[in-house]
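What follows is each chain in one-letter form.
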Amino acid sequence: VQLVESGGGLVQPGGSVRLSCAASGFTFSSYVMSWYRQAPGKERELVAGINNASGRTNYADSVKGRFTISRDNAKNTVYLQMNSLKPEDTAVYYCKATHIVPRTDYWGQGTQVTVSS
């Protein structure tokens with residue numbers, strides 16, 4: 001099983017970046033996919049999630065209206081489009097795959113996003 005994030009880097013405030021998470025080794029379409037982030041000295045927090053069956057999405061209040069999560073089951077990939085970035089969005093962003101029954105979680109290794117001028 002692998003979840004490989006990409007697309008992170010240094011971006012100026014107000015800028016945009018798109019993260020990708022390529023999955024392999026499991027049935028991607030059967031898993032809820034989520035993005036989490038962890039800033040230095042803080043706990044890991046949920047940023048956005050997308051249901052595998054309904055396509056329903058949910059977002060942390062801090063990113064609503066700025067971030068968009070999407071998935072392409074044909075490519076086994078989940079994306080996070082991040083717009084209007086703020087310095088407080090600086091964190092390591094992690095991709096997570098969750099199978100509800102039986103409960104199984106897989107994590108990626110993370111990708112750094114730094115928002116700074």
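Residues numbered from 1 in each chain as written. Predicted model: local features only at pLDDT ≥ 70, side-chain atom pairs only at ≥ 80, totals over all residues. Heavy atoms only, no water.

K.L.:
I keep staring at the nonpolar core and nothing clicks. Help me out?
P.N.:
If you look at soluble globular proteins, the nonpolar side chains tend to sit buried side by side. By size, the foremost hydrophobic cluster in this structure holds 29 residues, and its most contacted members are Met33, Trp35, Val78, Leu80, Met82 and Tyr93. For this core, the secondary-structure elements that each account for two or more residues are strand E3 (17-24), strand E4 (32-38), strand E5 (45-50), strand E7 (67-72), strand E8 (77-82), strand E9 (91-99) and strand E11 (111-115). (Core = buried A, V, L, I, M, F, W, Y, C linked by side-chain atoms within 4.5 Å. Buried < 20%, exposed > 50% of the residue type's maximum accessible area, 1.4 Å probe, protein only. Helix = DSSP H or I, 4+ residues; strand = E, 2+ residues; numbered from the N terminus.)

K.L.:
Is there a simple way to think about the pattern of salt bridges in this case?
P.N.:
When the charged atoms of two side chains lie near each other, side chains of opposite charge can form a pair. Applying the stated criterion to the full structure yields five salt bridges. Aspartate 89 is the salt-bridge partner of arginine 37, the closest N and O atoms lying 2.9 Å from each other. Residue arginine 37 is located in strand E4, and its partner aspartate 89 is located in the loop between E8 and E9; the two are separated by 52 residues in the primary sequence. Residue class for arginine 37 comes out buried when judged on its relative accessible area of 6%. We classify aspartate 89 as buried; its relative accessible area is 0%. A salt bridge links arginine 66 to aspartate 89, with the nearest nitrogen and oxygen atoms 2.8 Å apart. Linking arginine 66 in the loop between strand E6 (57-59) and E7 with aspartate 89 in the loop between E8 and E9, this pair joins segments that are 23 residues apart in sequence. You can call arginine 66 buried: its relative accessible area is 10%. (Salt bridge = Lys/Arg side-chain N within 4 Å of Asp/Glu carboxyl O.)

K.L.:
Would you take a moment to explain the sheet that holds E3 for this structure?
P.N.:
In any sheet, the strands associate via hydrogen bonds between backbone groups, in a parallel or an antiparallel arrangement. The sheet built from four strands is open, its strands ordered E1-E3-E8-E7 with antiparallel pairing. The open sheet terminates on both sides in strands that have one partner only, identified here as strand E1 (2-6) and E7. Sheet twist, expressed as the mean angle between neighbouring strand axes with direction ignored, is 15°. Sheet topology note: the E1/E3 ladder contains five bridges and is antiparallel. (Pairing = 2+ DSSP bridges. Axes fitted to C-alpha atoms, helices over the stretch in contact; angles between N-to-C directions.)

K.L.:
Explain unusual backbone geometry to me, please; I cannot follow it from the model alone.
P.N.:
Backbone geometry follows two general trends: most residues other than glycine have a negative phi, and most peptide bonds adopt the trans configuration. In this model, valine 101 is joined to proline 102 through a cis peptide bond whose omega is -5°. Checked against the element boundaries, proline 102 lands in the loop between E9 and strand E10 (104-107).

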